[in-house]
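Observations on the three-dimensional arrangement
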Amino acid sequence: MINWLRNPWGKPRWLKLITIVYILWSIVPVAIAILFAFNAGRSRTTWQGFSFRWFTGASGSVLHDPQYQGALKHTLILAVICVAVATPLGVALALGLQRWRGPGGGTVNTVMLLPLVTPEIVMGVALLLLFLRVFPEIGLGTPAQAIGQVTFTLSYVVVIVRGRLTSIGPEYEEAAADLGAPPHDQLFRVVLPLLIPAIIASAAVAFALSIDDFVVTQYLSGNASTTTVSMLLYASARGAPTPALNAIATVALLITLATLTLAFLVYRRFASGREAAAVAALDI
Amino acid sequence: MAFPGVAWLAIFFLVAFYAVVCVAFGNEDTLSQPVPFWNPLHWNAGYVLQVLGNYWHRGPYLTVSIRTIEFVALSIGLCLLIGYPVAYYTARHAGRWKGVVLLLLIVPFWINYLMRMLAWINLLAPNGWGTRMLHDIGIERVFIWLGLLSARGGWLDGQPSAVILAFVYGYIPFLILPLVVALDRIDQRQIDAARDLGASPFSAFVRVTLPLSKVGILAGCVLVALPMFGDYYTPDLVSASTKTSLIGNQIDEFTRQGSEKVTGAVLTLVLSAFLLLLMFYYLRTTRQATAVAEE
Amino acid sequence: MQGEIRLEELTKSFGEVVAVDGVDLRMPPGEFFTMLGPSGCGKTTTLRMIAGFERPTSGRIMLDGSDVAQVPPHRRSVNTVFQSYALFPHLDVAGNVAFGLKYQKLTKEEKRRKVKGILDLVRLSGFEQRKPEQLSGGQQQRVALARALVLTPRVLLLDEPLGALDARLRKDLQVELKAIQADIGVTFVFVTHDQEEALTMSDRIALMNHGRVEQAGSPREIYEGPETEFVADFLGVSNLLHAEASADGGVCSLRIGERTFRAEQGDTGARGEVKAMIRPERIGLEPHDTPGDNRMPGLVERAVFLGGAHEVHVRVVGGELLKATVSNDGKPLTFALEEGSAVGLHLPPDGLRVLAPSQPPPSAEDAAERPVRTAPSM
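Rules of the game
Residues numbered from 1 in each chain as written. Chains lettered and ligands numbered in written order. Predicted model: local features only at pLDDT ≥ 70, side-chain atom pairs only at ≥ 80, totals over all residues. Helix = DSSP H or I, 4+ residues; strand = E, 2+ residues; numbered from the N terminus. Buried ≥ 20, exposed ≤ 12 C-beta atoms within 10 Å, placed from the backbone. Contact = placed C-beta atoms within 7 Å. Pairing = 2+ DSSP bridges. Nonpolar A, V, L, I, M, F, W, Y, C, P; charged D, E, K, R; others polar. Domains from an automatic or database assignment.

1. Things to note about the overall build of chain C
What chain C contains, in helices and strands, is nine helices and 21 strands. If you line up chain C on its principal axes, its C-alpha atoms span 80 × 55 × 35 Å. With 378 residues in all, chain C has 42% of them scored as buried. The long-range share in chain C, meaning contacts at least 24 apart out of those at least 6 apart in sequence, stands at 69%.

2. Some points on the pairing of strand S3 (residues 32-36) of chain C
Residues and elements named next belong to chain C. Burial within S3 is extensive, with five of its five residues counted as buried. Covered by surrounding structure in S3 are Phe32, Thr34 and Leu36 together with Phe33 and Met35, the residues of both alternating faces. For S3 and strand S8 (residues 187-192), the ladder comprises five bridges, and the chain directions are parallel. Across the sheet, phenylalanine 33 pairs through a bridge with valine 189, a residue of S8. Bridging between S3 and strand S9 (residues 204-209) involves four bridges; their strand directions are parallel. Bridged to methionine 35 within S9 is alanine 206.

3. A look at the interface of chain C and chain A
Chain C puts 27 residues into the contact, and the matching count from chain A is 21 residues. In terms of residue count, helix H4 (residues 137-149) of chain C provides more of the side of chain C that touches chain A than any other element does, four residues in total. Of the residues that constitute the side of chain C that touches chain A, the class distribution is 13 nonpolar, eleven polar and three charged.

4. Observations concerning the domain arrangement of chain A
Residue and element names in this part refer to chain A. Entries for chain A in the domain assignment read domain 1 (2-37) and domain 2 (66-280). A separation of 34 Å is found between the C-alpha centroids of domain 1 and domain 2. Tallying the contact residues gives four residues for domain 1 and five residues for domain 2. Partitioning the side of domain 1 that touches domain 2 into residue classes produces four nonpolar, no polar and no charged.

5. A word on the sheet that holds strand S11 (residues 240-248) of chain C
Residue and element names in this part refer to chain C. Pairing in this open sheet of six strands is mixed, and the strands run S13-S12-S11-S15-S21-S14 from one edge to the other. Strand pairing shows two members of the sheet lacking a second neighbour, strand S13 (259-263) and strand S14 (265-266), which therefore form its edges. Sheet topology places S11 next to strand S15 (residues 272-277); six bridges connect them, and they run antiparallel. Note on S15: the bridge partner recorded for glutamate 244 is glutamate 273.

Structure (structure tokens):
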């Protein structure tokens with residue numbers, strides 16, 4: 001075994017070993033947690049058979065327990081609002097930054113990037129104080145949570161869309177202008193259609209970030225009715241929850257993965273053309 | 001066209017942060033609610049001085065801060081120890097498995113952080129699989145002997161080691177990915193040249209690969225350190241004891257849970273200032289590194 | 001007058017860098033006009049200013065008598081074929097070609113007919129439903145051409161459109177483009193760095209260097225009568241010799257090395273140090289001791305076989321290497337082609353051209369000193 005590990009000509013096998021062990025260590029605990037969501041019994045540590053009871057069962061399940069239902073619903077509502085607001089805002093900001101003439105562009109760019117490096121607790125405290133003292137009319141609760149989520153997802157949207165804008169380049173807009181399209185048409189007939197893959201990708205990212213968000217959502221929560229899945233996980237983790245907790249976490253995970261996969265597929269359908277074009281242009 | 005976005009950021013980010021500053025330099029009213037002083041000329045440095053005084057006199061704030069730095073440093077160290085080989089393998093030796101491995105490395109990003117912690121708590125609960133397994137293999141005994149675990153099965157009772165390990169588990173994916181990118185960029189030919197000149201594989205690694213990946217390592221560490229310094233939920237979940245209280249916990253206690261919001265705001269400023277210093281140091285080192293590389 | 005362009009003292013600076021330096025050009029209507037020059041000479045920037053993608057720092061762009069320098073690109077009656085075609089990936093061929101027709105007041109039927117007509121012209125009938133990604137490079141280029149021409153612009157601008165194609169396809173498309181231009185009579189303004197392409201296709205060429213026009217004229221004019229060293233060198237092989245010019249009874253007399261030559265072409269009024277130029281096909285190679293005027297000896301360095309001719313590289317006394325063309329027409333040679341053989345070179349006076357020195361690149365101070373006619377703001 002030592003020799004197998006120490007082959008001087010082969011690639012270092014111990015690296016491969018470490019990687020495999022790491023990946024297992026990284027994923028297996030979550031896999032186990034998901035597994036126990038399907039446990040027939042109430043234990044989260046002893047396997048008692050396979051069952052869907054914690055998902056759809058008559059009582060105590062994600063589908064029927066009001067607390068879990070409420071959390072799931074609230075999480076989805078926030079996610080939808082977040083995407084609906086952050087995506088257009090972010091796309092507009094990305095376009096605006098790209099065409100920025102005159103001074104100030106660099107500053108705005110920096111401010112836009114700041115939320116990405118700000119620790120969540122700093123943002124949480126800042127937003128909490130904002131809604132307590134500056135906008136007490138809004139106060140804490142769903143609107144505040146939504147606003148908070150949009151504030152930090154915005155930067156992700158801008159970065160993703162901006163990247164795509166840069167790789168598209170100014171050519172298509174110039175061509176459109178050359179052919180007679182006024183600036184308004186250049187945007188709607190040419191730039192936006194080309195941006196669709198990036199818009200979809202950033203919307204999916206915003207959605208996933210919103211679902212998984214914890215700190216900001218918790219800080220801006222008003223009362224028990226504004227609990228999200230993350231908050232529920234946090235509150236119940238050290239208690240003696242039933243596998244329903246695992247179940248709701250699994251549901252949230254599935255929603256996230258489904259969204260990302262869907263976005264990826266749609267992105268591929270829209271963007272694949274260009275990759276094929278590069279190949280096609282080589283042959284006559 | 002950028003205006004709505006800019007306005008949004010200005011109000012909900014810049015003003016929000018300004019609110020923190022104004023509360024920190026503000027006062028409390030009779031109901032212990034914070035009163036921000038908006039005009040810098042009216043700022044009341046009382047609470048700020050109080051906190052700074054606490055630091056100066058080695059009060060609890062200082063203890064917690066130092067503990068935070070220790071925990072973060074240890075965690076990042078461990079992350080590097082485990083993560084670097086994994087990143088190295090992925091970037092340079094994975095061959096046709098590279099896509100699959102990358103996908104597996106990215107998967108944790110999309111799993112709710114709390115769910116991942118939940119999974120661990122589940123395993124390390126008094127009769128969880130993890131606890132039983134660690135006991136059976138004997139690792140538990142080693143930990144107790146090393147003083148890292150205070151009692152059998154007591155993983156979640158407030159062990160610094162548990163918090164550090166939780167940090168490592170939680171944040172290591174965020175370190176591995178930038179490392180993979182950095183290691184990917186290194187030109188194989190430079191390593192080949194070193195080998196050609198007589199260096200052993202290990203020596204080539206230490207003298208060529210490692211220095212070239214320094215910038216990437218630094219970037220990854222900063223990327224992970226920033227959120228880690230503000231993390232309060234991980235110690236809360238895994239330990240729930242004041243023995244492992246970090247600055248994030250303090251801030252959380254004062255602002256969200258308790259009614260000392262002004263002090264909480266001050267501590268937030270202290271944390272932010274510290275992190276700004278960290279960023280400056282990072283930016284300066286990278287600028288120097290790129291300047292040297294360009295020579 | 002449809003499609004005449006006049007550039008008057010057109011200047012464009014990017015900060016300290018002067019890309020286009022006071023260019024004056026007239027592009028007659030209905031002609032195939034080429035702007036030729038090395039990378040960075042300002043030809044593309046000039047083209048972009050005519051299209052409207054760059055605002056001139058000063059100067060005027062007259063399109064059929066009106067200054068369009070401040071008119072935005074979507075309102076100019078000028079269309080462009082881009083180097084990378086810039087076909088809209090999300091539209092099919094018909095969609096691309098019809099894109100600009102939306103801004104012309106036409107019925108749906110008229111638009112459909114126009115699209116069909118132009119696709120017939122570029123020989124892409126039946127391709128309406130294809131997507132750009134499904135087309136080859138040559139086909140994409142023709143769609144780009146169709147898209148621009150369907151709008152019946154007064155001038156068509158082409159920015160190195162054949163650059164991305166392989167040699168064979170380039171030659172075919174050069175012929176096609178020229179034929180289309182002659183057919184529809186639209187003024188073509190063509191930009192390229194390939195001198196052969198320019199010589200083949202153009203009615204008129206403007207050779208540019210360092211942001212200025214070195215010489216403009218028909219291909220034959222500037223090939224046979226280059227006015228500066230740069231022009232001589234850029235087109236074909238130039239064979240330059242250092243010489244000292246002086247007057248000798250109404251004729252230009254050049255002292256090259258220790259011999260005196262008569263030159264009848266070019267800047268015969270120049271005095272002092274000049275460059276003398278002769279084309280390879282005008283040099284007569286003969287045995288090295290042949291007597292007569294305008295002759296010099298040399299040593300053969302190599303002879304390159306070109307199929308129909310030999311290009312003989314001869315080192316002469318002044319150190320320069322001259323290239324002479326010797327046709328392989330079957331006639332016996334009176335001298336040896338081997339390396340090291342001595343030959344004589346006859347430089348006939350009507351083939352010997354006196355050149356003015358080329359202009360140096362403009363400096364920022366030069367540009368500042370010139371009176372700046374600032375373009376009025378919109």
